[in-house]
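Reading the structure
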Amino acid sequence: MIFEKPNYHLTIDDGPSKNFVELVNWLDSKNIKATFFSLGHLIKIRMRDVTWAIERGHCVANHSYSHPDFSGLNYLQGQAEIIATQSLLDKAYKDAGVESKRIFRFPSGRREKKTIQFLEKEGFYNPWKHLVKGVDVKWTFDLQDWRLNREDVLDEILDKAKLISKKEHVILAHDRHKGDLVPFQKLCESIGIVEMGD
């Protein structure tokens, strides 16, 4: 019997946090390339770190400027959230000497129809369209790592993570680990998100 290694696409939302550099260094030490869906107001603060991550081969993508619920915004407000963040990303990619990416994930996955049409018109794309339909990027498995700030849930999350059945997933994680990456690292290792490229 031939063992087929799972193909996991690690996506990390809501950064770049103050732990971003440490997180990227850990991912690099495990040969893991991630897609960071980042917020414009944090990119602005940590532009140098974002450029550095891009230079190291990670993808930094658009997650809006301020993480609003797009269903509560009008069309122009939604556009402004995306355009402001993409402008910062275009600069980071240019500074890194890498062609800019136009990849977007709605905050909390709450999609909005007119914004989807705007994304299509502006050339945004979904690199995992074969797994998650649409121009915006959704996920197929949520690590629920945002719950790791409570010690009692790590075992529960680890048990759930072991139930992954498909051979390919777009995995949702988050860049907000309050200074302790160890539970996140254990979670990634428990489901085989180690030694992987994209």
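For the structure, check the block above.
Here's a quick rundown of the structure. All figures in this text were calculated on a predicted structure; none of them were measured in a lab.

Here we come to the environment of Ile116. Inspection of the secondary structure assignment puts Ile116 in helix H5 (residues 113-121). Residues Ile116 and Phe106, 10 residues apart in the sequence, show an inter-C-alpha distance of 9.6 Å. When neighbours within four sequence positions are excluded, Ile116 is seen to be in contact with Phe106, Arg111, Val135 and Asp136.

Quick look at the sheet that holds strand E4 (residues 141-142) now. The strand order across the open sheet formed by five strands is E3-E2-E1-E5-E4, and the pairing between neighbours is parallel. Taken across any chain shown, the strands that pair with only one partner, and hence form the sheet edges, are strand E3 (59-62) and E4. Across four bridges, strand E1 (residues 7-15) lies against strand E2 (residues 35-38) in parallel orientation. Its bridge partner being in E2, Thr11 is matched across the sheet by Thr35.

The next point concerns the nonpolar core. Counting 28 residues, the largest nonpolar core has Leu10, Ile12, Leu27 and Phe184 as the members making the most contacts within it. Broken down by secondary-structure element, the contributors of at least two residues to this core are E1, helix H1 (20-29), helix H6 (154-161), strand E5 (168-174) and helix H7 (182-190). Counting residues per element, this core draws most heavily on H1, at five residues. If you look at the next biggest cluster of nonpolar residues, it comprises 18 residues, including Phe37, Ile43, Ile54 and Ile103.

Moving on, we get to the pattern of salt bridges. Tallying each qualifying case throughout the model produces eight salt bridges. Salt-bridge contacts for Lys91 lead to Asp95; the nearest nitrogen and oxygen are separated by 2.7 Å. Of this pair, Lys91 and Asp95 are both found in helix H4 (residues 75-96), four residues apart, which corresponds to roughly one turn of the helix. For Lys91, a relative accessible area of 44% puts it in the partly exposed group. Taken together, the shared-partner salt bridges in this structure form one network comprising Asp90, Arg102, Lys121 and Glu122.

Listing the buried residues of helix H3 (residues 47-55) in full gives Met47, Val50, Thr51, Ala53 and Ile54. Down the axis of H3, the smallest arc covering the buried residues is 160°, so these residues share one side. Summarising the contacts, the buried residues of H3 are in contact with H1, helix H2 (40-45), E3 and H4. Phi turns positive, to about 100°, at Gly57, one or two residues after H3.

As for its placement among the helices and strands, Val21 is situated in helix H1. Sequence separation between Val21 and Val50 is 29 residues, and the spatial gap between their C-alpha atoms is 8.8 Å. Those residues in contact with Val21 that sit more than four places away from it in its chain are Asp49 and Trp52.

As a further point, take the packing of aromatic side chains. Enumeration according to the criterion identifies five aromatic pairs in this entry. Three or more aromatic residues link up through ring pairs in this structure, and these residues are Phe70, Phe104 and Phe106.

Cut-offs applied
- Residues numbered from 1 in each chain as written.
- Predicted model: local features only at pLDDT ≥ 70, side-chain atom pairs only at ≥ 80, totals over all residues.
- Heavy atoms only, no water.
- Helix = DSSP H or I, 4+ residues; strand = E, 2+ residues; numbered from the N terminus.
- Contact = heavy atoms within 4.5 Å.
- Pairing = 2+ DSSP bridges.
- Core = buried A, V, L, I, M, F, W, Y, C linked by side-chain atoms within 4.5 Å.
- Buried < 20%, exposed > 50% of the residue type's maximum accessible area, 1.4 Å probe, protein only.
- Salt bridge = Lys/Arg side-chain N within 4 Å of Asp/Glu carboxyl O.
- Arc of directions from axis to C-beta.
- Phe/Tyr/Trp six-rings, centres within 6.5 Å; stacked < 30°, edge-to-face > 60°.

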